[in-house]
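Analysis of the macromolecular model
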Amino acid sequence: MARPAGPAASVRHRLRTGGARLRRLPVLAATALVVSLAAPTAATAADASPSTADATSSASSAALAGASPSGAGRQQALLAAKPYMGWSSWSLEATSYPGYGGVNWLTEAHIKQQADVVAAKLKPHGYEYINVDAGWANGFDQYARPTANPTTFPHGMKSLGDYLHRKGLKYGLYLAVGLDPAAYGDGTTAIHGAPGCTTSDIVYSDLRKTNGWNSAYKMDFANPCAQKYIDSLADQLAGYGVDFLKVDGVGPGSWQGDADHDNTPDVQAWHTALQQAGRPIQLTLSWSLSHTKAETWKADSNGWRIDTDVECYCSTLVTWNNSVKGRWNDVVQWIDDAGPGHWNNLDSLNVGVGAMDGLTEAERQSYATLWAIESAPLYSGDDLTKLDSYGLKLLTNDEVIAVDQAGRPARPVSQTTDQQTWYARNPDGSYTVALFNLGSTATDVTADFADLGIDGTAAVRDLWQHKNLGRVSGHLTQNLPPHGSRLFTFTPTRQGDEPGTPLGVHGTAATSTSVSLAWDKVTTGTAPVTRYTVYADGRPVTTATGTTATVNGLSAADAHTFTVVARDARGRTSAPSKALALTTPASTGPTAYEAEASGNPLSGNAVVAGCDGCSGGQKIGNLGGGEVAITHVSAPKDGTYLLKLDYVDADSSRVIDLTVGGTTLHVPVPGTNDDGWGAPQSLTVPVPLKAGDNTLSFGNATDYAPDIDKITV
């Protein structure tokens, strides 16, 4: 099935071949970036049998780190209690900036140069991981384990680990999921520590391919030899002194989603192997993981990439459009999955060298602000030997770093426009608040205290400027440059022992006589919240112990107002939430409208396309640069109605612009990252409608858009 097209200027797709990335790099020779596919070679002397030679030192390292080789939960919490901080090599491998790019840049000497800067300038602020990405290996030993390139890493990988550890740093390496064909050989290669097991035992007999680039054989974990092979790799890494492992090309995700690309057994095998490796090794998964398997990623890893590479694969490291700006939409569905032991990874933070980064100063600050408020790992991909003064200030602002390390990911109040307020409520009653202008012209952005549950005044501190701005009442408005931001702490003057105000109250479904609601869990106050009371039109109508409720017995075709109040274990109640006004559909509603219905005009690129899982077997695709107008959407009276949007998005996320009555709403929709364009999802959106017939138009003139199956109002 054809993948929906987007405007030519919007490039997000990445390619890969072999054992290391070739992600749309016309300036880099493919052979310079792949692991050699020649016959496996013997290990270099520096790396020979590290799992045996270094068993004692590995165990000692684990003891020094305070980790027990057993007790998976304890080790995971120790490893990733907070988002990690450091530096990674891939951005400098991926760029065509003069003097960089490819595995020719990835050398032992260059890694040590970057590590020296981290130790001298960044380690005092919490940066400690040095992660060597794809390209360090160029062959396999007699046990199908990767071996270092002796030209670029002449002293081997253990020597590099020792160097980093002497500086008080931690050491990361990279592997791709699956078995490289070169490691497989002719199928008779023995597995270390597994007598009788060979590479033919650990894959399927038809040698089916897997990973995001179809560059490896899928492993068959029904055979115990497969786990033994992963164990042998984990032991090898432990022997090198590795503290961090990135496993790349993992599915579902990496824009793959069928059975051959289900790598959840691989992830579970790696989790098992690393727990018995004798030293703490943090496991991060890449790239563009599918949220459909979030529970597996949380159980078996310490983090996951939520998106495609941030690098632009061009003459800078990144650009705003490709692909920094997409993170504001892509991270939202993952916000509630982040926490101690497992974090949402937004990719490298390339804000340190203005000449290389490809961004304005305002964009560099916004980039760093989003990473911090989302508690994402903070790891630079810049050439740290060229840090400029502004970049160093961004990377070493301890107040901003504290926001990241607090581990409370922020969420947006609304994303219907490019001017956005994001917030996190802190245990002490304060709020972390970020203002973003994601638009292309300077404009005002306002944080409304009612959206945050703040009653009265609040003291405001600017974290980037290290300045107290005094007390503010009602709202805070800032004029921001294009793609600009500000980051604040709001501390309300009026704080008591009662629960915090419920925030984020929104509708999730409606019938002619009912409305379903959801809201954010209240975690502030001196006693736990035990119950929420929902009010409709000023009357208490239902209670809930969780954060959802359905209000029944409403009048059809009528406007209603809803609020939520929290009650704690001591009987104290919060202030009511900000009121939510919704109108119920007519007694015959809600009504479904097929996007592909014959009376709905199409324009631009928009086309009717087949869709196995869609109602009627069809959808409207190619809405990036196209539009469909769904006509004769009926409303019984003027009001705000809940619209259920059935869409298809197998990317990280896309934005559909919904226009009705002259008002355009930006609607980011969660994607699946699995290239499955025949499986619809649904999202509920409040829309203003006039009494009688309405026309709702869906499209996106400037970027990729999801496909539309139908709407229900």
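Right above here is the structure, for reference.
Residues numbered from 1 in each chain as written. Predicted model: local features only at pLDDT ≥ 70, side-chain atom pairs only at ≥ 80, totals over all residues. Heavy atoms only, no water.

**A closer look at the environment of Asp-651**
When you line up the elements, Asp-651 lands in the loop between β35 (639-648) and β36 (653-660). Distance in space between the C-alpha atoms of Asp-651 and Ser-290 is 9.2 Å, their sequence separation being 361 residues. Engagement of the side chain of Asp-651 in a polar contact is seen with the side chain of Trp-255, the distance being 3.2 Å. (Helix = DSSP H or I, 4+ residues; strand = E, 2+ residues; numbered from the N terminus. Polar contact = N/O pair within 3.5 Å; in protein donor to acceptor, adjacent residues only side chain to side chain.)

**Section: the state of the cysteines**
Here the structure, examined in full by the defined rule, presents 3 disulfides. Sulfur-sulfur distance for the disulfide between Cys-611 and Cys-614 comes to 2.0 Å. On the sign convention where negative is left-handed, the bridge of Cys-611 and Cys-614, at about 60° about the S-S bond, is right-handed. You'll find Cys-611 and Cys-614 in the same group, each marked buried. Counting its disulfide-bonded cysteines in sequence order, the protein shows a connectivity of 1-2, 3-4, 5-6. (Disulfide = S-S within 2.5 Å. Buried < 20%, exposed > 50% of the residue type's maximum accessible area, 1.4 Å probe, protein only.)

**Points about the side chain of Gln-282**
Within the secondary structure, Gln-282 is located in strand β11 (residues 282-285). The exposure class assigned to Gln-282 is buried, which follows from its relative accessible area of 1%. If sequence neighbours within four positions are ignored, Gln-282 has contacts with Leu-79, Ala-80, Tyr-84, Tyr-129, Asp-243, Phe-244, Leu-245 and Asn-302. (Contact = heavy atoms within 4.5 Å.)

**Considering the pairing of strand β22 (residues 485-492)**
Of the strand pairs in this sheet, strand β17 (residues 431-437) and β22 are connected by 6 bridges, and their pairing is antiparallel. The partner of Thr-432 across the bridge, within β22, is Thr-489. Sheet analysis places strand β19 (residues 457-462) next to β22, joined by 5 bridges and oriented antiparallel. Bridged to Ala-459 within β22 is Thr-491. (Pairing = 2+ DSSP bridges.)

**What about the packing of helix α8 (residues 224-240) against helix α9 (residues 264-275)?**
Helix-helix packing is characterised by the crossing angle of the two axes and by the distance between the axes. Axis separation between α8 and α9 bottoms out at 8 Å; the angle between their running directions is 50°. Comparing the axis directions of α8 and α9 gives the class oblique. Relative to α9, the crossing made by α8 is right-handed. When α8 is examined against α9, the residues Gln-227, Ile-230, Asp-231, Leu-233, Ala-234 and Leu-237 are found in contact with a partner set consisting of Ala-269, Trp-270, Thr-272, Ala-273 and Leu-274. Taken together, the residues of the contact of α8 with α9 sort by class into 8 nonpolar, 2 polar and 1 charged. (Axes fitted to C-alpha atoms, helices over the stretch in contact; angles between N-to-C directions. Parallel < 35°, antiparallel > 145°, perpendicular 65-115°, else oblique. Left-handed = near helix turned anticlockwise from the far one by under 90°. Nonpolar A, V, L, I, M, F, W, Y, C, P; charged D, E, K, R; others polar.)

**As for the nonpolar core**
Counting 112 residues, the largest nonpolar core has Trp-136, Tyr-229, Trp-270 and Trp-422 as its most contacted members. Within the second largest apolar cluster, 28 residues are counted, among which are Val-667, Val-685, Phe-698 and Val-713. (Core = buried A, V, L, I, M, F, W, Y, C linked by side-chain atoms within 4.5 Å.)

**Section: the pattern of salt bridges**
If you walk through the whole model with that rule in mind, you get 30 salt bridges. Note that Asp-558 is salt-bridged to Lys-637, the shortest N-O span being 3.8 Å. Of this pair, Asp-558 sits in the loop between β27 (548-551) and β28 (559-568) while Lys-637 sits in the loop between β34 (626-635) and β35, and the two are 79 residues apart along the sequence. The class for Asp-558 is partly exposed, based on a relative accessible area of 28%. Residue class for Lys-637 comes out partly exposed when judged on its relative accessible area of 30%. One continuous salt-bridge network, built from bridges that share partners, spans Arg-305, Asp-307, Asp-309, Arg-327 and Asp-347. (Salt bridge = Lys/Arg side-chain N within 4 Å of Asp/Glu carboxyl O.)

**Regarding the packing of aromatic side chains**
All told, the structure shown has 19 aromatic pairs when counted by the stated rule. Between Trp-213 and Trp-287 the ring centres are 5.6 Å apart and the planes differ by 35°, which places this aromatic pair in the tilted class. One end of the pair, Trp-213, is in the loop between β8 (209-210) and β9 (216-217); the other, Trp-287, is in the loop between β11 and α10 (294-300), and 74 residues separate them in sequence. What makes Trp-213 buried here is its relative accessible area of 8%. Since its relative accessible area comes to 0%, Trp-287 is described here as buried. Three or more aromatic residues joined by ring pairs make a cluster, and in this case those are Tyr-84, Tyr-129, Phe-244 and Tyr-379. Over the ring of Tyr-163 we find Lys-112; its NZ or CZ atom is 4.8 Å from the centre of that ring. Of note, Arg-208 hangs over the ring of Tyr-204, and the distance from its end group to the ring centre comes to 4.0 Å. (Phe/Tyr/Trp six-rings, centres within 6.5 Å; stacked < 30°, edge-to-face > 60°. Lys NZ or Arg CZ within 6 Å of the ring centre and 35° of its normal.)

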